[in-house]
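Each chain is listed here by its residues.
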Amino acid sequence: METNLSSKLLAYHQETFDELYIIDTIVQMTKKSCQDYEFSGQYYGIPMDMTAKLSAERNHYINMLNILSERISNIMSLNLSMENEIMLEQNANNCRREITTKGAAY
């Protein structure tokens, strides 16, 4: 892989990773907010029958946010694996160039 291409890929990777980190932070903040409302029992003075429905809805959202955060973490792990592969390829190419350059001088 060309050094220029691998450098561009690493730059794109970093931008993608940063965006995923921000998205996961937003998901975690939203989940925490849902949990805080649920744990503190804030139901806005609604009738008791609606309280159970609101609690179930909040718990559903909390569960969905957990799943979303796990999926984001999986993508981030895959991106780190991709970064490692690109860097290994880049280092291998650099070593080959160095050997070729030194070999021609001898």
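Residues numbered from 1 in each chain as written. Predicted model: local features only at pLDDT ≥ 70, side-chain atom pairs only at ≥ 80, totals over all residues. Heavy atoms only, no water.

1. Looking at the overall build of the chain
Thought 1: Helices and strands together make up the secondary structure of the chain, namely 2 helices and 0 strands.
Thought 2: Looking at the 106 residues of the chain, the share that counts as buried comes to 24%.
Thought 3: Nonlocal contacts in the chain, meaning residues at least 24 apart in sequence, comprise 73% of its contacts between residues at least 6 apart. (Helix = DSSP H or I, 4+ residues; strand = E, 2+ residues; numbered from the N terminus. Buried < 20%, exposed > 50% of the residue type's maximum accessible area, 1.4 Å probe, protein only. Contact = heavy atoms within 4.5 Å.)

2. Some points on the side chain of E38
Thought 1: Along the chain, E38 turns up in helix α1 (residues 3–40).
Thought 2: Each residue touching E38, except ones within four places of it in the same chain, is listed here: Y43, S55, R58 and N59.

3. Quick word on α1
Thought 1: If you check α1, its first and last C-alpha atoms are 55 Å apart, about what 38 residues at 1.5 Å a residue would give, namely 56 Å.
Thought 2: Of all the positions in α1, only S6, L10, H13, F17, L20, D24, V27, K31, C34 and E38 are classed as buried.
Thought 3: Of the residues trailing α1, G41 is marked for its positive phi of about 70 degrees. (Expected span 1.5 Å × (residues − 1).)

4. Quick look at the side chain of S6
Thought 1: Looking at the element boundaries, S6 is found in helix α1.
Thought 2: Among the polar contacts listed, one links the side chain of S6 to the side chain of Q90, at a separation of 3.1 Å. (Polar contact = N/O pair within 3.5 Å; in protein donor to acceptor, adjacent residues only side chain to side chain.)

5. Thoughts on a nonpolar patch on the surface
Thought 1: Taken together, the side chains of Y37, Y44, I46 and M50 define a hydrophobic patch exposed on the protein surface, amounting to about 390 Å² of accessible area.
Thought 2: When you line up the elements, I46 lands in the loop between α1 and α2 (48–105).
Thought 3: A residue is classified by how much of its surface remains accessible, and I46, at 31% relative accessible area, is partly exposed. (Patch = residues over 30% accessible without salt bridge, like charges linked within 9 Å, V, L, I, M, F, W, Y side chains within 5 Å. Areas by Shrake-Rupley, 256 points an atom, 1.4 Å probe, with all protein chains shown as cover. Salt bridge = Lys/Arg side-chain N within 4 Å of Asp/Glu carboxyl O.)

6. Let's talk about the environment of K32
Thought 1: As for its position among the elements, K32 is in helix α1.
Thought 2: Owing to a relative accessible area of 47%, K32 belongs among the partly exposed residues under this scheme.
Thought 3: With 30 residues separating them in the primary sequence, K32 and I62 have C-alpha atoms 8.3 Å apart.

7. Focus: the environment of L80
Thought 1: Assignment of secondary structure puts L80 in helix α2.
Thought 2: Sequence separation of L80 and Q14 is 66 residues, and the distance between their C-alpha atoms is 9.4 Å.
Thought 3: Setting aside chain neighbours within four positions, we find L80 in contact with H13 and F17.

8. Describing the environment of F17
Thought 1: Locating F17 in the fold gives a position in helix α1.
Thought 2: Assessed through its relative accessible area of 19%, F17 is described here as buried.
Thought 3: Taking the C-alpha atoms as reference, F17 lies 10.0 Å from I72; in sequence the two are 55 residues apart.
Thought 4: Discounting chain neighbours no more than four positions away, the residues touching F17 are M76, N79 and L80.

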